Amino acid sequence: MRTLSFTPFPVLQTKQLTLRRISMNDAEDLFALRSNPDAMKYIDKPLAKSASDIEELIKRIEDGVNENASITWGITFHEMKQLIGTIGFHRIEKEHFRAEIGYMILPEFWNKGITGEAIKRILDFGFNEMQLHSIEARVNPGNRTSMHLLGKNNFVKEAHFHESYFFDGKFLDTAVFSLLSHRHKYRRLKTSLPTPDIL
């Protein structure tokens, strides 16, 4: 992997979305997202309860970008400031050319193809600009919508770990999906009949 640098921050565009840097100006929107029980149902992290929770989160996001260790984009519509979701790569393993993808969006924007559009854009960025060889996704197996969306983007389920982590008084399972760079390229060349996006 070439030297990884997120400076200047890579603002990405899709047909209807701008994926941009998150700042303290987004604290109110990010709080609405991270305190929403439906949006957080399968994130398996505590709901945000205060402004300080969001300030700490934004600081962690900024530290990851500044240290070139992780990157998170805010999902917005063109010409709109409101942050409606987040997407990014965390746990970047530079020595293995591998990173983990994560994403979430406000429930009122589900079933509109938005998450799928954002995923496709950062997969292109990950493989073509970051020169990743593989991208991983770890999913709560109850999140069938997310697993369907990963399958549409050519991810393959590689593992199912039973009771692999403890959260909110319960041991929970983890499903692990992975996409290799050559499978991503193949997907771009060989198209299939379109199906509606779930997210």
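Residues numbered from 1 in each chain as written. Predicted model: local features only at pLDDT ≥ 70, side-chain atom pairs only at ≥ 80, totals over all residues. Heavy atoms only, no water.

S.K.: Is there a simple way to explain the environment of F97 in this structure?
M.R.: Residue placement: F97 occurs in the loop between β4 (85-93) and β5 (98-105). We classify F97 as partly exposed; its relative accessible area is 31%. Through-space distance from the C-alpha of F97 to that of L132 is 4.6 Å; in sequence the pair is 35 residues apart. (Helix = DSSP H or I, 4+ residues; strand = E, 2+ residues; numbered from the N terminus. Buried < 20%, exposed > 50% of the residue type's maximum accessible area, 1.4 Å probe, protein only.)

S.K.: Looking at this structure, I do not really get the packing of aromatic side chains. What am I missing?
M.R.: Aromatic ring pairs are described here by two measures, namely the spacing of the ring centres and the angle between the planes. Under the criterion given, the structure shown has five aromatic pairs. On the numbers, 6.3 Å between centres and 65° between planes, the contact of F9 with W73 is edge-to-face. Remark: W73 occurs in strand β3 (residues 71-77) and F9 occurs in the segment before β1 (12-13); sequence separation between them is 64 residues. This pair shows no difference in class: F9 is buried, exactly as W73 is. (Phe/Tyr/Trp six-rings, centres within 6.5 Å; stacked < 30°, edge-to-face > 60°.)

S.K.: I'm lost on the environment of N128 in this one. Help?
M.R.: Relative to the elements of secondary structure, N128 occurs in helix α3 (residues 114-129). By relative accessible area, which is 37% here, N128 ends up partly exposed.

S.K.: Would you mind showing me how to read the pattern of salt bridges here?
M.R.: Between side chains of opposite charge, a pair can form when the charged atoms approach closely. With the rule as written, the count across this model stands at six salt bridges. For E100, the salt bridge is made with R91, and the minimal N-O distance between the two is 2.4 Å. One salt bridge in this structure joins R138 and E136, with 2.6 Å as the shortest N-O distance. Take E136: its relative accessible area is 10%, and that puts it in the buried class. (Salt bridge = Lys/Arg side-chain N within 4 Å of Asp/Glu carboxyl O.)

S.K.: I would appreciate a short explanation of the layout of surface pockets in the present structure.
M.R.: Where empty space is left in the structure can be found by rolling a water-sized probe over the atoms. The computed volume of the largest pocket comes to approximately 1400 Å³. Of all the secondary structure elements, the ones that give two or more residues to the lining of the largest pocket are α1 (27-34), α2 (51-66), β4, β5, β6 (134-139), α4 (144-152), β7 (156-167) and β8 (170-180). Per-class residue counts for the lining of the largest pocket are 19 nonpolar, 15 polar and ten charged. (1 Å grid on protein atoms, 1.4 Å probe; cavity = no way out; pocket = protein on both sides within 12 Å on 5 of 7 lines; lining within 4 Å. Points joined across faces, edges and corners; volume = space filled by probe spheres on them. Nonpolar A, V, L, I, M, F, W, Y, C, P; charged D, E, K, R; others polar.)

S.K.: What am I meant to see in the sheet that holds β6 here?
M.R.: Whether parallel or antiparallel, the strands of a sheet pair through hydrogen bonds between backbone atoms. Read across the sheet, eight strands follow the order β1-β2-β3-β4-β5-β6-β8-β7 without closing on themselves; strand pairing throughout is mixed. Edge positions in the sheet fall to β1 and β7, since each of these pairs with one other strand and no more. The sheet contact formed by strand β2 (residues 17-20) and β3 spans four bridges and is antiparallel. In the strand pairing of β3, L19 is matched with I75. α3 contacts β1, β2, β3, β4, β5, β6 and β8 of the sheet and is inclined by roughly 160° relative to β5. (Pairing = 2+ DSSP bridges. Contact = heavy atoms within 4.5 Å. Axes fitted to C-alpha atoms, helices over the stretch in contact; angles between N-to-C directions.)

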